[in-house]
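The lines below spell out each chain.
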Amino acid sequence: MLLARMNPQVQPENSGAGPGSEQPQRKRKAAELLVVKERNGVQCLLASRDGDEQPRETWDLANVWRFPYLCYKNGGGAFLIPYTLFLVIAGMPLFYMELALGQYNREGAATVWKICPFFKGVGYAVILIALYVGFYYNVIIAWSLYYLFSSFTLHLPWTDCGHAWNSPNCTDPKLLNSSCWATIPRTPSTSSRRRGVLHLHESSGIHDIGLPQWQLLLCLIVVVIVLFFSLWKGVKTSGKVVWITATLPYLVLFVLLVHGITLPGASNGINAYLHIDFYRLKEATVNIFFLGCWIGVLIAFASYNKFDNNCYRDALLTSTINCVTSFISGFAIFSILGYMAHEHKVNIEDVATEGAGLVFILYPEAISTLSGSTFWAVVFFVMLLALGIDSSMGGMEAVITGLADDFQVLKRHRKLFTFGVSFGTFLLALFCITKGGIYVLTLLDTFAAGTSILFAVLMEAIGVSWFYGVDRFSNDIQQMMGFKPGLYWRLCWKFVSPAFLLFVVVVSIINFKPLTYDDYIFPLWANWVGWGIAGSSMVLVPAYIVYKFLSTRGSLREVSSGPSLGEGGGQHGRGHPESFPLG
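Bear in mind the structure is a predicted one, so any value in this text is a computation, not a measurement.

Conventions we followed
- Residues numbered from 1 in each chain as written.
- Predicted model: local features only at pLDDT ≥ 70, side-chain atom pairs only at ≥ 80, totals over all residues.
- Heavy atoms only, no water.
- Helix = DSSP H or I, 4+ residues; strand = E, 2+ residues; numbered from the N terminus.
- Buried < 20%, exposed > 50% of the residue type's maximum accessible area, 1.4 Å probe, protein only.
- Contact = heavy atoms within 4.5 Å.
- Areas by Shrake-Rupley, 256 points an atom, 1.4 Å probe, with all protein chains shown as cover.
- Axes fitted to C-alpha atoms, helices over the stretch in contact; angles between N-to-C directions.
- Left-handed = near helix turned anticlockwise from the far one by under 90°.
- Nonpolar A, V, L, I, M, F, W, Y, C, P; charged D, E, K, R; others polar.
- Parallel < 35°, antiparallel > 145°, perpendicular 65-115°, else oblique.
- Expected span 1.5 Å × (residues − 1).
- Arc of directions from axis to C-beta.
- Core = buried A, V, L, I, M, F, W, Y, C linked by side-chain atoms within 4.5 Å.
- pLDDT = per-residue confidence, 0-100.
- Salt bridge = Lys/Arg side-chain N within 4 Å of Asp/Glu carboxyl O.

Some points on the overall build of the protein
Turning to step 1, where the next piece is worked out: What the protein contains, in helices and strands, is 26 helices and two strands.
Turning to step 2, where the next piece is worked out: A buried classification covers 58% of the 583 residues belonging to the protein.
Turning to step 3, where the next piece is worked out: Counted over contacts in the protein with a minimum sequence separation of 6, partners at least 24 positions apart contribute 81%.
Turning to step 4, where the next piece is worked out: Here the protein displays about 24,100 Å² of accessible surface, and carbon together with sulfur accounts for 65% of that area.

Thoughts on the packing of helix 6 (residues 120-150) against helix 25 (residues 540-551)
Turning to step 1, where the next piece is worked out: Remark: helix 6 packs on helix 25, axes separated minimally by 7 Å, with the N-to-C direction vectors making an angle of 145°. For the crossing formed where helix 6 meets helix 25, the hand is right-handed. For the pair helix 6 and helix 25, the contacting residues are Lys120, Gly121, Val122, Tyr124, Ala125 and Leu128 in the first and Leu540, Val541 and Tyr544 in the second.
Turning to step 2, where the next piece is worked out: Split into classes, the residues belonging to the contact of helix 6 with helix 25 amount to seven nonpolar, one polar and one charged.

A word on the side chain of Asn138
Turning to step 1, where the next piece is worked out: Mapped onto the fold, Asn138 is located in helix 6.
Turning to step 2, where the next piece is worked out: On the basis of relative accessible area, Asn138 is assigned to the buried category, the value being 0%.
Turning to step 3, where the next piece is worked out: Once residues within four sequence positions are removed from consideration, Asn138 is found in contact with Leu220, Val223, Val224, Leu227, Ser392, Met396 and Thr425.

Concerning the environment of Gly76
Turning to step 1, where the next piece is worked out: Here Gly76 lies in the loop between helix 4 (67-73) and helix 5 (80-105).
Turning to step 2, where the next piece is worked out: Remark: the alpha-carbon pair of Gly76 and Leu274, spanning 198 residues in sequence, is separated by 4.7 Å.
Turning to step 3, where the next piece is worked out: Apart from residues lying up to four places away in sequence, Gly76 is in contact with Cys71, Tyr273, Leu274 and His275.

Let's talk about the packing of helix 6 against helix 21 (residues 437-447)
Turning to step 1, where the next piece is worked out: One can describe the packing of helix 6 onto helix 21 by two numbers: an axis separation of 9 Å at closest approach and a directional angle of 130°. In terms of their interaxial angle, helix 6 and helix 21 are classed as oblique. As for how helix 6 packs across helix 21, the hand of that crossing is left-handed. Together, Phe135, Tyr136, Val139, Ile140 and Trp143 of helix 6 and Ile438, Leu441, Leu444 and Asp445 of helix 21 make up the contact between the two elements.

Examining helix 24 (residues 524-538)
In an α-helix, one turn spans 3.6 residues; hence positions three or four apart end up facing the same way.
Turning to step 1, where the next piece is worked out: Look at helix 24: 21 Å from first C-alpha to last across 15 residues, which is about the 21 Å you get at 1.5 Å a residue.
Turning to step 2, where the next piece is worked out: Within helix 24, burial applies to Ala526, Asn527, Gly530, Ile533, Ala534, Ser537 and Met538. The buried residues of helix 24 all sit within an arc of 140° when viewed along its axis, so they share a single face. Exposed and facing more than 90 degrees away from the buried side of helix 24 are Leu524 and Trp528.
Turning to step 3, where the next piece is worked out: Elements that come into contact with the buried residues of helix 24 comprise helix 6, helix 21, helix 22 (451-481) and helix 25.

Structural notes on the nonpolar core
Turning to step 1, where the next piece is worked out: One finds Tyr136, Trp143, Phe380 and Phe473 to be the most contacted residues of the largest nonpolar core, which totals 158 residues.
Turning to step 2, where the next piece is worked out: Per element, the largest residue contribution to this core is 20 residues, and it comes from helix 6.
Turning to step 3, where the next piece is worked out: Discounting residues that sit within four places of it in the chain, Trp143 has contacts with Arg193, Leu198, Leu216, Ala356, Phe360, Ile438 and Leu441.

Comments concerning the confidence of the model for the protein
Turning to step 1, where the next piece is worked out: When pLDDT is averaged across the protein, the result is 79; 76% of the residues are at 70 or more.
Turning to step 2, where the next piece is worked out: The least confident element of the protein is helix 1 (residues 2-5), whose mean pLDDT is 32; the most confident is helix 24, at 97.
Turning to step 3, where the next piece is worked out: Predicted confidence is poor over residues 1-58, with pLDDT under 50, and the contacts of this stretch with residues over four places away or in other chains come to 106 contacts.
Turning to step 4, where the next piece is worked out: The model gives residues 285-293 a pLDDT under 50, and that stretch makes 31 contacts with residues more than four places away or in other chains.

Notes on the pattern of salt bridges
Charged atoms that come close allow side chains of opposite charge to pair.
Turning to step 1, where the next piece is worked out: Evaluation of the coordinates by the stated rule reveals six salt bridges.
Turning to step 2, where the next piece is worked out: Put simply, Asp406 and Lys120 hold a salt bridge, and the shortest N to O gap is 2.9 Å. Note that Asp406 is positioned in helix 18 (residues 373-406) and Lys120 in helix 6, a separation of 286 residues in sequence.
Turning to step 3, where the next piece is worked out: Taking the relative accessible area as the measure of exposure, Asp406 reaches 17% and is therefore buried.
Turning to step 4, where the next piece is worked out: Two residues, Asp405 and Lys411, come together in a salt bridge whose shortest N-O distance is 2.9 Å.

Right, here's the structure in full:
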């Protein structure tokens with residue numbers, strides 16, 4: 001049956017290298033791809049996705065608002081030692097694994113597990129995690145859009161205390177001494193953020209979130225509309241948008257870096273950023289892997305690559321660029337923080353922070369003191385907006401592709417399904433733009449994609465390396481690119497990376513601390529809700545294993561080893577490559 005569907009004009013490989021042999025070789029490649037696809041239990045031509053190769057993402061908001069602070073907090077220059085080590089033994093190997101999985105099987109996060117049906121729950125867990133992240137990530141983009149709109153004025157609204165939203169004790173930053181700066185949120189920028197944007201003073205906690213803020217509601221609507229029209233036709237539209245959102249931030253970062261290092265006090269900030277402190281490295285191990293989790297997103301994007309695309313090159317290049325960008329962004333951030341510390345005559349540790357406090361309070365305040373502050377504010381928030389949209393598109397594409405590939409009715413009505421996903425994330429994001437919405441967002445940011453995503457990556461590594469098999473996976477890669485992964489990659493996939501991930505998962509659970517936001521301590525029930533959110537995705541992995549075991553006949557080895565039993569493999573169930581000669 002396989003040979004009957006192959007093109008009869010396929011010629012041997014040694015049929016010549018001249019111009020006349022190009023057409024037969026192209027036909028041979030098409031036949032090879034068809035055979036590979038049929039062995040995966042999917043009776044369709046690969047050409048349906050060729051030509052829609054998706055540009056790879058290289059960095060996101062975490063590079064700007066999380067990495068520089070974590071580097072400073074966890075030993076400065078010394079932090080780069082374990083960061084680079086864990087990148088090499090876990091980050092790059094798993095990045096490579098995901099790209100190869102998606103590209104070879106040409107499926108989303110769920111259906112890619114036809115290679116090992118027992119682990120399909122990993123795909124569903126990834127999709128749910130991406131959906132959770134979408135609930136609050138779009139809110140961060142809405143904040144950026146709000147600040148961008150607010151920047152189109154000659155007098156930035158967070159520069160002084162003359163506004164209705166300012167607190168009674170609002171004070172010009174230049175009049176604050178170091179003790180006030182470190183302990184009392186009295187600056188106009190802080191007051192603008194907490195009272196003017198979030199209306200946090202009107203909420204007493206997560207139990208009292210109130211109603212959505214209409215300004216943020218309008219921004220959220222704009223964000224969701226942009227995302228919908230960027231995704232509704234698949235990579236044909238999202239690929240074009242990504243070319244802008246993934247490249248524009250580099251230009252902006254370069255401009256901010258060049259300007260930042262010329263400011264007074266910038267050298268002090270950079271010295272603090274790079275200062276080596278080996279003692280503080282003891283806190284670094286749990287934080288590192290949160291900086292580079294693309295699980296699910298890579299599988300979805302790689303499924304649109306050409307079958308013979310060099311995903312090994314992509315894995316090395318993209319992960320390296322991402323980490324180098326993280327490191328370089330630290331210079332742009334800490335040059336500004338050094339400038340602020342110099343201006344207010346305080347220590348770097350008094351102004352250094354991460355997350356929303358960095359990009360929506362400290363950086364805007366620093367920008368407001370520069371010549372041409374309106375221009376710099378617009379440039380900075382355009383960068384945040386581009387990074388946010390780029391990151392959110394990746395997560396939503398993982399959800400849409402993952403479920404559409406699994407349920408054909410969704411694929412046939414992709415535009416309607418994309419609208420449903422976009423609208424669903426919009427509705428749940430409303431909880432994050434209420435007067436107490438920052439508490440909901442903090443809860444989701446901590447639990448939705450923390451330990452749960454590490455657990456999902458761990459199970460993915462186990463499923464591919466131990467159940468599907470490193471040798472079979474290596475043969476798949478050889479069929480795509482003409483060479484097998486080296487011994488180093490195979491050892492990492494099977495032993496080093498899973499061991500490291502298991503260690504990080506265990507440590508992240510042991511070292512968990514009750515949730516807080518500034519001085520607010522979350523009630524105990526909120527922490528349990530958070531763990532419930534984390535557990536809701538993790539439980540899908542064992543739940544699907546139990547379901548598959550009870551619903552499928554055959555031995556445990558047969559059920560877990562491939563698509564021939566229950567995943568549509570039929571008589572073309574997956575076997576070793578040598579069982580299917582391509583010629």
